[in-house]
Amino acid sequence: TGVATMKFKSPPVNSLSLDFLTEFCIGLEKLENDRACRGVIFTSTIPKIFSSGLDITEMYGKSTEHYAEFWRAVQEMWLRLYGSNMVTVAAINGSSPAGGCLVALSCDYRIMVENPKFSIGLNEAQLGIVAPFWFKDTFVNVVGHRVAESSLQLGSLHAAPEAHRIGLVDELVPEEKLQERAAAVMAQWLALPDHARQLTKSMMRKAVLDRLVAHREEDIQNFTTFISKESIQKSLRMYMEMLKKKKG
Amino acid sequence: TGVATMKFKSPPVNSLSLDFLTEFCIGLEKLENDRACRGVIFTSTIPKIFSSGLDITEMYGKSTEHYAEFWRAVQEMWLRLYGSNMVTVAAINGSSPAGGCLVALSCDYRIMVENPKFSIGLNEAQLGIVAPFWFKDTFVNVVGHRVAESSLQLGSLHAAPEAHRIGLVDELVPEEKLQERAAAVMAQWLALPDHARQLTKSMMRKAVLDRLVAHREEDIQNFTTFISKESIQKSLRMYMEMLKKKKG
Amino acid sequence: TGVATMKFKSPPVNSLSLDFLTEFCIGLEKLENDRACRGVIFTSTIPKIFSSGLDITEMYGKSTEHYAEFWRAVQEMWLRLYGSNMVTVAAINGSSPAGGCLVALSCDYRIMVENPKFSIGLNEAQLGIVAPFWFKDTFVNVVGHRVAESSLQLGSLHAAPEAHRIGLVDELVPEEKLQERAAAVMAQWLALPDHARQLTKSMMRKAVLDRLVAHREEDIQNFTTFISKESIQKSLRMYMEMLKKKKG
């Protein structure tokens with residue numbers, strides 16, 4: 001059918017670790033170069049979690065070189081996904097904070113399970129960190145400036161019904177219908193001639209993609225400087241301890 | 001009353017041929033220079049069709065020079081209409097795909113007959129071609145980035161109720177009320193002092209108008225190169241044959 | 001609690017006179033420099049009026065130097081408020097046309113009394129004048145391009161329920177609940193770490209702030225030239241006479 005499904009399976013919570021990102025990029029590149037593949041559906045095999053976002057352990061207590069390598073991998077993932085020539089559909093079957101939300105936002109279409117216990121959003125501010133400008137640009141392209149401004153400042157995690165209401169996801173479905181609906185949406189998008197669709201997609205996304213490409217090293221520099229700060233490291237440690245307590 | 005009505009009457013489907021566009025520009029320029037005229041209502045005298053968009057026969061099997069001349073006329077129409085000092089109201093009394101949708105999008109206000117059989121949209125992708133950047137910019141200014149991105153990639157034709165829901169048209173009315181309502185809206189817009197309204201309109205639209213003016217020759221070059229491609233010519237031929245079969 | 005309330009009390013209608021603007025800027029700067037203060041709520045002590053906007057008497061029959069001084073003060077107010085590091089909440093307990101609307105638009109969150117007799121909007125065009133580009137940019141960031149385009153051209157004053165529907169205000173409450181709700185919203189925004197929230201806010205607003213900073217003198221020049229025109233002075237005189245008759 002020309003459609004691949006990429007299933008996130010990195011227990012316990014599909015964190016976007018350096019390994020995960022590297023594997024993701026290799027997998028995506030393979031599909032991109034496979035002329036038989038025209039579309040990819042992203043979903044999770046882990047119950048209740050789509051992806052928990054950037055792996056905090058990659059951002060805590062490591063060397064500047066490690067932060068730089070990690071951030072380059074995050075950029076690479078986004079550049080490939082947001083700029084993909086394939087049709088990309090996010091079948092969001094669980095919560096999807098921060099970087100997990102970015103993965104969903106970078107797809108062409110987002111379907112989420114209608115469970116109000118699942119939430120999605122760029123909640124970086126809650127952790128004391130700041131979503132970089134290209135997370136913000138991607139978000140604004142989906143929900144508009146006003147919603148993005150308030151959601152980013154509040155670090156909001158939007159429960160599925162609210163995520164749908166503000167346009168963060170395109171539709172909600174019962175969990176058992178998710179894969180069927182993702183396949184149907186994919187078929188609808190693949191009914192269009194690839195060439196015209198790809199040029200159109202590129203026209204819509206080029207300005208935002210080009211902006212990161214033009215400022216990539218500067219963005220890595222900003223990230224490593226910011227994340228190395230004692231105050232930020234302290235925020236992350238407190239956040240990780242809070243997560244541990246929650247589990248405990 | 002200072003209001004002109006421009007009625008599209010080019011059977012069978014109000015295609016935007018080179019002749020139509022030339023006549024449209026001359027007519028609009030006359031009104032623009034007529035100080036007694038402050039507003040124009042655009043509507044169709046052809047049942048069920050507002051305008052079917054760019055005339056495909058102008059884009060198929062012709063010379064490069066012809067394509068360039070045609071495209072310059074399309075640009076000219078848009079530059080004059082989107083940048084008009086007059087109040088422009090589209091009274092959309094039928095379907096309005098592609099270039100027909102652009103005409104409507106370029107007005108100050110859009111009223112559509114509430115018949116769900118009438119549809120409107122920039123469906124270029126369905127034909128295997130790509131809406132140029134200034135169609136896209138005009139569309140984004142009306143419906144926002146997210147709706148434009150998905151609608152353009154799918155080449156969507158939105159039935160009147162959906163067109164209203166996504167903001168592509170400002171209101172729906174029963175067919176028999178259309179002209180009366182267009183006149184009432186026009187009166188509301190003309191109640192404002194011309195000078196302040198015109199400066200405000202220019203402030204809102206200047207960036208997008210300037211972008212085409214700055215890239216006009218490049219845009220003509222892109223169009224002629226793209227449309228001359230064998231694969232694109234083939235797509236257009238198939239589309240025309242499909243249309244013929246439909247009629248047959 | 002780290003929250004200040006700035007109460008507008010300049011009878012009869014909280015016009016933004018040169019004195020009002022100067023006092024406003026001094027007050028805001030003091031709070032900005034007070035490390036104990038993290039948020040400000042703006043509200044009015046005058047019944048039925050939040051702020052009636054720029055004081056027309058500052059724009060009528062005065063010298064060019066006066067117009068320039070006044071306009072610089074308007075710019076200063078906006079640069080400080082839109083760029084404030086504090087959380088800013090507008091508790092809109094009355095009508096808020098023109099510059100009054102700008103004050104509200106420049107806050108982080110807008111709560112309005114649900115009274116449909118209270119209206120808000122950038123109605124400059126009604127007076128025959130034009131909202132400057134940075135009023136427009138601020139408005140577009142809140143309500144999007146399409147709503148801004150039509151609202152600015154029509155000089156619309158939106159009754160509270162409509163203002164809420166188009167996103168100009170974030171929520172409506174009964175008058176007796178306004179201050180309580182403003183405090184609750186403030187608490188929600190202050191729950192986030194200041195540093196991350198401030199950097200995020202700056203990321204969202206920097207482009208629009210920078211644009212005025214880069215064109216500040218030119219903008220003053222434009223204003224003084226425009227407002228000095230005989231035709232504009234006449235429009236303002238007629239508007240003031242109309243207001244007097246209304247009162248009379």
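Residues numbered from 1 in each chain as written. Chains lettered and ligands numbered in written order. Predicted model: local features only at pLDDT ≥ 70, side-chain atom pairs only at ≥ 80, totals over all residues. Heavy atoms only, no water.

If you look chain A up in an unreviewed UniProt entry, it shows as Enoyl-CoA delta isomerase 1, mitochondrial from Psilopogon haemacephalus. Annotation of chain A in UniProt includes, under Function (unreviewed entry), the sentence "Key enzyme of fatty acid beta-oxidation. Able to isomerize both 3-cis (3Z) and 3-trans (3E) double bonds into the 2-trans (2E) form in a range of enoyl-CoA species, with a preference for (3Z)-enoyl-CoAs over (3E)-enoyl-CoAs. The catalytic efficiency of this enzyme is not affected by the fatty acyl chain length." (UniProt positions renumbered as here; feature names shortened; annotations may be inferred.)

(A) Quick peek at the interface of chain B and chain C. Taken together, the contacts link 20 residues of chain B with 21 residues of chain C. A buried area of about 1700 Å², summed over both sides, lies between chain B and chain C, and 64% of it is on carbon and sulfur atoms. Its largest share of buried area at the contact with chain C, chain B owes to B:Leu192, B:Met203 and B:Met204, together 36% of the area lost on that side. Remark: the boundary between chain B and chain C carries two salt bridges. Among the salt bridges present, the one from B:Arg205 reaches C:Glu149, with a minimum N-O distance of 2.9 Å. Joining chain B to chain C, the criterion identifies six residue pairs in polar contact (both at pLDDT 80 or more). (Contact = heavy atoms within 4.5 Å. Buried area = accessible area lost by both parts, 1.4 Å probe. Salt bridge = Lys/Arg side-chain N within 4 Å of Asp/Glu carboxyl O. Polar contact = N/O pair within 3.5 Å; in protein donor to acceptor, adjacent residues only side chain to side chain.)

(B) Inspection of the interface of chain C and chain A at higher detail. Each partner contributes residues to the interface: chain C has 20 residues there, and chain A has 21 residues. If you sort the residues of chain C by the area they bury against chain A, C:Leu192, C:Met203 and C:Met204 come out on top, with a joint share of 36%. Inspection of the region where chain C meets chain A yields two salt bridges. The interface formed by chain C and chain A holds six residue pairs in polar contact (both at pLDDT 80 or more) in total. Listed by contribution, the elements that provide at least two residues to the side of chain C that touches chain A are β8 (109–113), α4 (133–143), α7 (178–190) and α8 (194–214) of chain C. (Helix = DSSP H or I, 4+ residues; strand = E, 2+ residues; numbered from the N terminus.)

(C) Quick peek at the side chain of C:Glu149. Turning to its location among the elements, C:Glu149 is positioned in helix α5 (residues 145–154). A distance of 2.9 Å separates the side chain of C:Glu149 from the side chain of B:Arg205, its partner in a polar contact. Every residue in contact with C:Glu149, bar those within four places of it in the chain, is listed here: B:Tyr82, B:Met204 and B:Arg205.

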